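Descriptive structure summary
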Amino acid sequence: MIGAQLFIYAIPAFAVLMFVEWIDYRRDPDRPANGHSGRDMASNITTYLLGRFLKPVLQYLIPFSAVVVAAAITPLHLSPTTWWVWVLGLVVTDFCYYWAHRADHRVRLLWTAHSVHHSSQYFNLSTAIRLPWVHPAATIVRGFAWLPAALIGLPAWMIFLLQTIGLLYQFPIHTQRIRTLPRPIEFLFNTPAHHRIHHGSNQPYIDKNYGGVFIIWDRLFGSFAAESEPIRYGLTKNIGTDNPLKVNYHELGALISDVRHANTWRGRLGYIFGPPGWAEAARADDVRVIPADSTREGSIAA
């Protein structure tokens, strides 16, 4: 697919930019303490490379795509040869991304995958490539967020390509080296200043700034926050390991354990589809349970 090829072509650029940022960070006497860690950076890179290797496995496990089906059955068909279709496609797919990303933080099944990205206690360009491996169930459910883009007539391949472009846009905003950009850009687009807040695990930053390319969605739907106090990166309860395998599956293991020990079917479904930190009433005194509004980066985790 074109999107996958773009990621492959971007690897050299990722490597150069991460190296430049690391050199710049090492030469700065006022560098933030949560900017870089050699072990964390190695874990991020290893996680990314293993993910690229395992990507074909995920495609084999998930031959079904809701976007492909919707694009095939919709009576509407927009031509990719028209320039405004690309503009519309970028806006619509980013709008879909906003809701998918919001669900990543509010549906625990999706959080099992997305928490991988948030589990680093550091924030730098290598954090951008700390991405999950094979999470079939979460991938299938998340894919439904782009149905509106397919139903209005955007070709499936265009949707996937624009998704990839949106993810590539987000790579350079994972940095503390850029403070703020001109006000019109900060108002409309996602920037390093906005995305640093999204990775914060302290209030008032939890579950804020979900936007991909555009931050305007957060302003419209009440999830925007500006920096008002120092940011603490990571989870509310950090996992304390750089092991890529544990980084990828620690929250999924916790979810499976909670489902196994649930007392009712409501409890089992709640642990899967409720927000991170949700707990059965009968288990409200369980010391492993922490309040839902504090677990965006926690019980496990963007």
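Because the structure is predicted, anything quoted here is derived from the model rather than measured.

Procedures and definitions
Residues numbered from 1 in each chain as written. Predicted model: local features only at pLDDT ≥ 70, side-chain atom pairs only at ≥ 80, totals over all residues. Heavy atoms only, no water. Salt bridge = Lys/Arg side-chain N within 4 Å of Asp/Glu carboxyl O. Helix = DSSP H or I, 4+ residues; strand = E, 2+ residues; numbered from the N terminus. Buried < 20%, exposed > 50% of the residue type's maximum accessible area, 1.4 Å probe, protein only. Contact = heavy atoms within 4.5 Å. Patch = residues over 30% accessible without salt bridge, like charges linked within 9 Å, V, L, I, M, F, W, Y side chains within 5 Å. Areas by Shrake-Rupley, 256 points an atom, 1.4 Å probe, with all protein chains shown as cover. UniProt positions renumbered as here; feature names shortened; annotations may be inferred. Polar contact = N/O pair within 3.5 Å; in protein donor to acceptor, adjacent residues only side chain to side chain. Arc of directions from axis to C-beta. Phe/Tyr/Trp six-rings, centres within 6.5 Å; stacked < 30°, edge-to-face > 60°. Lys NZ or Arg CZ within 6 Å of the ring centre and 35° of its normal.

Following the criterion strictly, the structure yields 9 salt bridges and no others. For R39, the salt bridge is made with D242, and the minimal N-O distance between the two is 3.4 Å. With R39 in helix α2 (residues 38–61) and D242 in the loop between α11 (216–220) and α12 (244–260), this residue pair connects regions lying 203 residues apart in the sequence. Here the salt bridges do not stand alone but share partners, grouping D24, D28 and R177 into one network.

Turning next to the side chain of T93. Tracing the chain through its elements places T93 in helix α4 (residues 83–106). When its relative accessible area of 4% is taken as the criterion, T93 is described as buried. Leaving out residues up to four positions away in the same chain, T93 has contacts with W146, A149, I159 and L162.

Right, let's get into a nonpolar patch on the surface. Together, L76, W83, W84, V87, L88, V91 and I152 line one region of the surface with nonpolar side chains, adding up to about 650 Å² of accessible area. Mapped onto the fold, I152 is located in the loop between α7 (147–151) and α8 (156–170).

Of the consecutive residues Q203 and P204, the connecting peptide bond is found in the cis state with omega at 15°. Secondary-structure assignment places P204 in the loop between α10 (192–198) and α11. Phi is positive for D207, which is not a glycine, with a value near 60°. Given the relative accessible area of 14%, D207 is considered buried. In this structure, N209 is a non-glycine residue whose phi angle is positive, near 55°. Within the secondary structure, N209 is located in the loop between α10 and α11.

With that settled, consider the environment of Q203. Relative to the assigned elements, Q203 resides in the loop between α10 and α11. For Q203 and T236, which are 33 residues apart along the polypeptide, the C-alpha to C-alpha distance reads 9.9 Å.

A word on the UniProt feature "transmembrane region" (unreviewed entry) in the chain. Mapped onto the present numbering, the UniProt feature "transmembrane region" (unreviewed entry) falls at residues 6–23, 57–77, 83–100 and 144–169. This span, residues 6–23, is 100% helix and 0% strand, and a straight line between its end C-alpha atoms measures 26 Å. Within the segment residues 83–100, helix and strand shares are 100% and 0% respectively, and the terminal C-alpha atoms sit 26 Å apart.

Examined against the element boundaries, R31 turns out to sit in the loop between α1 (2–27) and α2. Residues within four places of R31 in sequence aside, it is in contact with Y25, R26 and R177. Within the structure, the side chain of R31 is placed 3.5 Å from the backbone oxygen of R26, a separation counted as a polar contact. Of note is the side chain of R31, whose polar atom sits 3.0 Å from the backbone oxygen of D28.

Burial in helix α3 (residues 66–73) covers these residues: A66, V67, A70 and A71. Summarising the axial view, the buried residues of α3 lie within an arc of 130°, below the 170-degree limit, and thus occupy one face. Those residues of α3 that are exposed and aimed more than 90 degrees away from the buried face are A72 and I73. Packed against the buried residues of α3 are α6 (136–143), α7 and α8.

Turning next to the packing of aromatic side chains. Following the criterion strictly, the structure yields 16 aromatic pairs and no others. Of the aromatic side chains, those joined through ring pairs into one cluster are F95, Y98, W99, F189, Y210, F214, W217 and F221. Across the ring face of F224, the terminal group of R219 is positioned such that the distance to the ring centre comes to 4.1 Å.

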